[in-house]
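Here are the chains, one letter per residue:
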Amino acid sequence: MAAAEQEPPERPEPPEPRVGAGLARLPGELLEQILCCAALGPADLGRLAATCRRLRDLCRPHGNVWRRRFKHRWPTLLKHYDLTDSINWLEEYKARQNAGFEAQRIVASFSKRFFSEHVPCNGFSDIETLGCPRHFFEDELMSILNIEGRKALTWKYYAKKILYFLRQQEILKSLKAFLERAENDESFLEGAVLIDRYCNPLSDINLEEIRAQVDDIADRVRLALRGKNARHPSVSSEAGGTSTVADGELQRQVLDAINQVLYEQLKYRGNQADYYNALNLFIHQVLIRRTGIPISLSVVYLTVARQLGVPLEPVNFPGHFLLRWGQGAKGSPDIFDYTYIDAFGKGKRLTVKECEYLIGHHVTEEFYGVVNAKEVLQRMVGNLLSLGKRERTDQSYQLLRDSLDLYLAMYPDHVQHLLLQARLYFHLGIWPEKVLDILQHIQTLDPSQHGAVGYLVQHTLEHIERRKEEVGVEVKLRSGPKHHDVCFPVGRIMKHKRYGYNCVIYGWDPTCMMGHEWIRNMNVHSLPRGHHQPFYNVLVEDGSCRYAAQENLEYSAEPREISHPDIGRYFSEFTGTRYLANAELATRYPEDAEFEAEAEAAPPAAAEGGEE
């Protein structure tokens with residue numbers, strides 16, 4: 001019997017090369033550079049650190065490698081650290097990474113939770129109790145907003161709303177702390193910056209940078225003074241602080257120099273052509289654009305003058321904010337002892353009578369009195385409120401909402417503004433629970449408001465009940481028998497035949513679903529097909545939302561992006577020719593994507609023209 005063939009003995013596997021040991025022989029600077037490269041992940045560093053003592057020392061939690069990796073990945077966060085302290089950079093890296101995952105989870109959940117509501121005002125309770133540092137969370141939101149290209153539109157939309165909310169909450173705390181200070185510690189410029197930041201929370205507005213710009217103006221004034229009077233006390237660095245120039249003539253020289261620098265050199269001016277523009281009230285825009293309205297220009301003028309030793313005071317004059325100059329009569333109750341300065345009018349100095357000529361009627365002495373920082377801010381916010389009531393295109397009325405928040409932060413028991421806030425939320429159909437809280441507070445403050453409060457309470461409760469009864473999203477199938485006349489899918493970029501505006505469709509109805517009054521006011525009956533034709537919800541490039549008849553729309557010959565604040569609410573991506581519906585919109589119109597693919601292959605003929 002033949003002997004069975006024997007298997008050859010297995011050769012032992014050669015030992016794996018000790019990568020770590022090889023790396024450890026490299027010079028320190030080169031080795032650190034390798035350990036910081038992006039190709040190595042955190043887990044790789046952990047494995048390398050386990051190979052030898054030298055790599056373990058280089059990868060220690062408090063060491064330079066983890067600090068550099070943290071800085072490379074999240075460079076803007078270093079401002080939150082004192083780099084002279086011993087910091088566990090590995091733990092900070094892990095905390096920031098976990099905060100990123102948490103932010104992504106919350107942002108991803110918002111579209112599903114709030115797609116049916118215009119503004120998710122009541123959706124921030126889980127954000128207010130974050131289990132991670134807020135600045136880490138905000139940094140991830142900024143990373144989402146900075147995603148390149150035309151993708152992740154829905155994520156960007158909700159990341160922006162969340163970031164807006166978080167920053168406003170912090171700014172509101174700072175504003176309330178500012179208002180609690182003693183009058184001597186109040187800064188008109190700081191108050192104006194807080195208002196600016198609250199209304200523009202996503203902009204990089206920094207008090208130190210604003211002060212630096214005003215300091216630069218003051219330095220220019222000192223230079224102009226030096227040319228006229230080299231021995232002037234305001235020219236010296238010591239006089240540039242809080243020291244007051246006592247002599248009236250020397251103060252006049254300062255004011256002359258301010259006028260020369262502000263209005264002749266830097267070309268600041270009152271914005272008469274576009275007076276009712278919110279940018280005129282935002283102090284960082286005033287400094288950039290060098291134009292504003294009386295109150296914002298007065299804040300700049302007064303701040304510069306005080307730095308140079310001239311104690312100007314703000315005067316809440318009706319219809320035209322002014323400054324007053326005492327010329328040695330500080331504290332005098334006689335309004336005729338003062339000269340009044342019109343910062344809007346290139347620093348012109350006015351008498352009492354000339355102030356009245358400015359507004360065209362006589363006013364009593366009380367209107368020439370000095371006001372404090374809180375009263376100046378009240379007037380600024382009041383101006384923003386007036387502008388907010390003029391809003392027409394942005395359907396969220398953001399400026400009105402922001403200015404109401406600011407006003408109620410200063411005067412939380414102001415009944416009329418509380419009622420306006422309740423009505424606004426009711427009108428927008430948002431945050432009904434908050435509306436009830438506001439109305440209850442109003443009823444406690446002023447029982448005479450029972451009629452208005454009762455009406456809003458009743459309809460708000462009805463809104464809450466309807467929301468509870470909602471069973472789900474209405475699904476619209478293009479193949480349905482009622483929808484065979486619908487020609488255009490959601491996401492298509494269209495042009496209005498009569499008015500010429502570009503828009504994108506985010507919804508459609510087989511016939512006009514508006515009430516009889518709207519149909520009459522919009523003259524729909526004059527259309528060839530009247531209201532018995534498909535109508536489309538569209539986002540317009542001017543920021544408005546409209547409801548357009550099918551016969552008034554046609555495919556855009558040159559489709560382009562539509563700049564509208566609610567684009568991300570409905571769409572996830574812009575392809576270059578159309579928008580792709582996000583998951584929630586696609587659930588509502590599940591067959592539109594397939595229809596769009598067919599339309600791209602063979603575009604249907606446009607419907608006949610008519611009027612909207």
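All figures in this text were calculated on a predicted structure; none of them were measured in a lab. (Residues numbered from 1 in each chain as written. Predicted model: local features only at pLDDT ≥ 70, side-chain atom pairs only at ≥ 80, totals over all residues. Heavy atoms only, no water.)

*Asks:* Could you give an account of the sheet that holds strand E5 (residues 339-342), with specific residues and numbers?
*Replies:* Overall, antiparallel pairing links the four strands, which are arranged E3-E4-E5-E6 in an open sheet. Either end of the sheet is taken by a strand with one partner, and the two such strands are strand E3 (313-315) and strand E6 (348-350). Direction aside, the axes of adjacent strands within the sheet are offset by 40 degrees on average. Sheet topology note: the E3/strand E4 (residues 322-325) ladder contains three bridges and is antiparallel. Bridge pairing in E4 places Val315 opposite Leu322. The sheet strands contacting helix H14 (residues 294-307) are E3, E4 and E5, and the helix crosses E3 at an angle near 160 degrees. (Pairing = 2+ DSSP bridges. Helix = DSSP H or I, 4+ residues; strand = E, 2+ residues; numbered from the N terminus. Axes fitted to C-alpha atoms, helices over the stretch in contact; angles between N-to-C directions. Contact = heavy atoms within 4.5 Å.)

*Asks:* Outline the nonpolar core, listing residues and values.
*Replies:* In this structure, Ile217, Ile258, Tyr301 and Leu312 are the most contacted members of the largest nonpolar core, which totals 88 residues. Excluding residues that lie within four positions of it along the chain, Tyr301 makes contacts with Leu255, Ile258, Asn259, Leu262, Tyr263, Leu312, Leu323, Ile341, Ala343 and Gly347. Judged by nonpolar contacts, the second largest core, of 42 residues, contains Cys36, Cys59, Leu130 and Leu141. (Core = buried A, V, L, I, M, F, W, Y, C linked by side-chain atoms within 4.5 Å. Buried < 20%, exposed > 50% of the residue type's maximum accessible area, 1.4 Å probe, protein only.)

*Asks:* Requested: an account of helix H18 (residues 415-428), with residues and values cited.
*Replies:* Compared with the 20 Å implied by 1.5 Å per residue over 14 residues, the 20 Å span of H18 between its first and last C-alpha is a close match. Listed as buried for H18 are Val415, His417, Leu418, Leu419, Gln421, Ala422, Leu424, Tyr425 and Leu428. With its phi angle positive at about 70 degrees, Gly429 sits one or two positions after the end of H18. (Expected span 1.5 Å × (residues − 1).)

*Asks:* How would you sum up the sheet that holds strand E8 (residues 502-509)? Please name residues and give values.
*Replies:* Read across the open sheet, the five strands follow the order E10-E9-E8-E7-E11; overall the sheet is antiparallel. What marks the edges here is a single partner per strand, and that holds for strand E10 (545-549) and strand E11 (553-555). The mean angle between the axes of side-by-side strands here comes to 50 degrees, regardless of whether they run parallel or antiparallel. Pairing between strand E7 (residues 493-496) and E11: three bridges, direction antiparallel. Following the sheet pairing, His496 is matched in E11 by Leu553.

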